[in-house]
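Overview (structure and organization)
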Amino acid sequence: MSKVLVIGAGGVSSVCVHKMAMNAGIFGEIHLASRTLSKCDAIADSVKQRTGVDIATYAIDAEDVPALTALIRQIAPKLVVNLALPYQDLPIMDACLEAGVNYLDTANYEPKDEAKFEYKWQWAYQERFAEKGLMALLGSGFDPGVTSVFAMWLKKHKLKTIRLLDILDCNGGDHGQHFATNFNPEINIREVTAPARHWRDGQWVETPAMTIRENFDFEGVGPKNMYLMYHEELESLARFVPELERGRFWMTFGDAYINHLTVLQNVGMTRIDPVVYNGQEIIPLQFLAAVLPKPETLGATTKGKTNIGDIATGEALDGSGERTFYIYNICDHEEAFHETGNQAISYTTGVPAMIGAAMMLTGAWAGEGVFNIEQLDPDPFMAMLNTQGLPWQVKELAGPLQF
Ligand code: NDP
């Protein structure tokens, strides 16, 4: 039984902390700290009501490294699970190094003034973690996270090489709002409005945001339009699957979402540079995020399913030539809400964060330095997905996507 400190108190954290409490044999003591104490307390109350487990809560600004280091030292956890925002990744890694504690997150670092998410800043911590004998696990959510574990499981059990990889992220949920994002609006809109990049023959190919669209029939959801996007696991997959010829990421969006986003972009509301309003500097996207529905309030009304998975083509392990496999999970928004009080987007991220933490705390995954999830054995993680609410399926397709 181990002690863990979770930072951040949004939807992903809520799911993760509930699932940790449901696995008390692994997570013996759970501590939760975030900027707003009342949000930590609300999660702790719900966990107590649903599972009977007590959670200790704290207020912390995770960008204040000395204060966070002091808190980590006071609690003395075996692991810090970072479920705050990507902006806090580096300060939380710094505090973990100072306090001598392992680290896990679900999204790579992004500077506040530049919509540019890349692993380079966190990969640069490799030596410092290794020197201290500590482990940092990057990207243990669904995408990034499970989508990379899916690829590595196929590479271990079905394919000798992966030549073509398509990651398909479909949210068939309907929350009944005109426009809302399913996770942090600021991070979500920065991601969606960034240029689309995909990996082809050893280099990145860039196309304007949301311009390449295809239709795909998702099991459990039906046909949906999906758009080519850049997503951070493409960077780590290109590094750890060196034979990859083409890696692409697709996400579904409805016409209403696209129309709203286009207007917001056209009028300048998605800008991330400061503008002066009434003598005060504001960042339009942060103001927009403040007026949009909070993702954690969407759970009660969201119906439908998500279907997220990988289609991988490569040389079969058994020497039977080139084959294509589709591996995916289907998650139901209402079932997710019933179990933890959060919708499926938070659920599909919070559960893998808990599983990654369980891998590190039980020693199933161990190492010194900074690791992406592709570097670790997929089998124990895949087994826990099946028992912790995210069962997966794999089927063979006739061939790769025809687009
Ligand atoms: P939310 O915005 O709902 O929650 C973020 C939490 O972090 C809030 O409680 C917020 O506090 C807290 N926080 C922000 N700044 C600080 C700070 N300086 N110090 C301490 N706490 C802070 O986000 P989500 O729960 O939707 O997402 C959490 C993380 O998961 C994000 O990094 C997101 O990118 C990632 N994610 C990953 C996915 C994946 O599949 N890999 C999918 C979805 C999300 P406050 O309440 O005061 O604002």
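Here's a quick rundown of the structure. In this numbering scheme, every chain counts its residues from 1 along its sequence in written order. Local features in a predicted model are, by the rule used here, given only for residues with pLDDT of at least 70; side-chain atom pairs are given and counted only at 80 or more, and totals for whole chains, interfaces and linings are based on all residues. To obtain the side-chain values, all non-hydrogen atoms of the structure were used and water was disregarded.

Topic: the packing of aromatic side chains
Here is the rule: Note on ring pairs: Phe, Tyr and Trp rings are taken, using the six-membered ring of Trp, and paired if centres are within 6.5 Å. Classes follow the plane angle, with under 30 degrees stacked, over 60 edge-to-face and the rest tilted. A run of H or I in DSSP counts as a helix once it spans at least four residues, and a run of E counts as a strand once it spans at least two, with each numbered from the N terminus. Each residue is assigned to one of three classes by its accessible area relative to the maximum for its type, calculated with a 1.4 Å probe on protein chains only: buried under 20%, partly exposed between the two thresholds, exposed over 50%. Note on geometry: a ring has a charge over it if NZ (lysine) or CZ (arginine) is within 6 Å of the ring centre and within 35 degrees of the ring normal.
This model, assessed by the stated rule, comprises 16 aromatic pairs. With a centroid separation of 5.4 Å and 85 degrees between ring planes, the pair formed by Trp250 and Phe403 is classed as edge-to-face. Taken together, the residues span a long stretch of sequence, with Trp250 in strand β12 (residues 246-252) and Phe403 in the segment after β18 (392-397) at a distance of 153 residues. For Phe403, a relative accessible area of 27% puts it in the partly exposed group. Judged by centre distance (4.6 Å) and plane angle (35 degrees), the ring pair of Tyr326 and Tyr328 falls under tilted. Owing to a relative accessible area of 5%, Tyr326 belongs among the buried residues under this scheme. The rings of Phe117, Trp199, Trp204 and Tyr230 are connected pair by pair, giving a single aromatic cluster. It is Lys120 that lies over the ring of Trp121; its NZ or CZ is 4.7 Å from the centre.

So, the sheet that holds strand β4 (residues 79-82)
This is how the line gets drawn: By the convention used here, strands pair only if DSSP detects at least 2 bridges between them. Fitting a line to C-alpha atoms yields each axis, with helices limited to the stretch in contact; the angle taken between N-to-C directions then spans 0 to 180 degrees.
With respect to topology, seven strands assemble into an open sheet ordered β3-β2-β1-β4-β5-β6-β17, the strand pairing being parallel. Each edge of the open sheet is held by one strand with a lone partner, namely β3 (55-59) and β17 (369-372). Sheet twist, expressed as the mean angle between neighbouring strand axes with direction ignored, is 20 degrees. Direction of pairing for strand β1 (residues 2-7) relative to strand β2 (residues 27-34): parallel, over a ladder of six bridges. Bridge assignment links Ser2 to a residue of β2, and that residue is Phe27.

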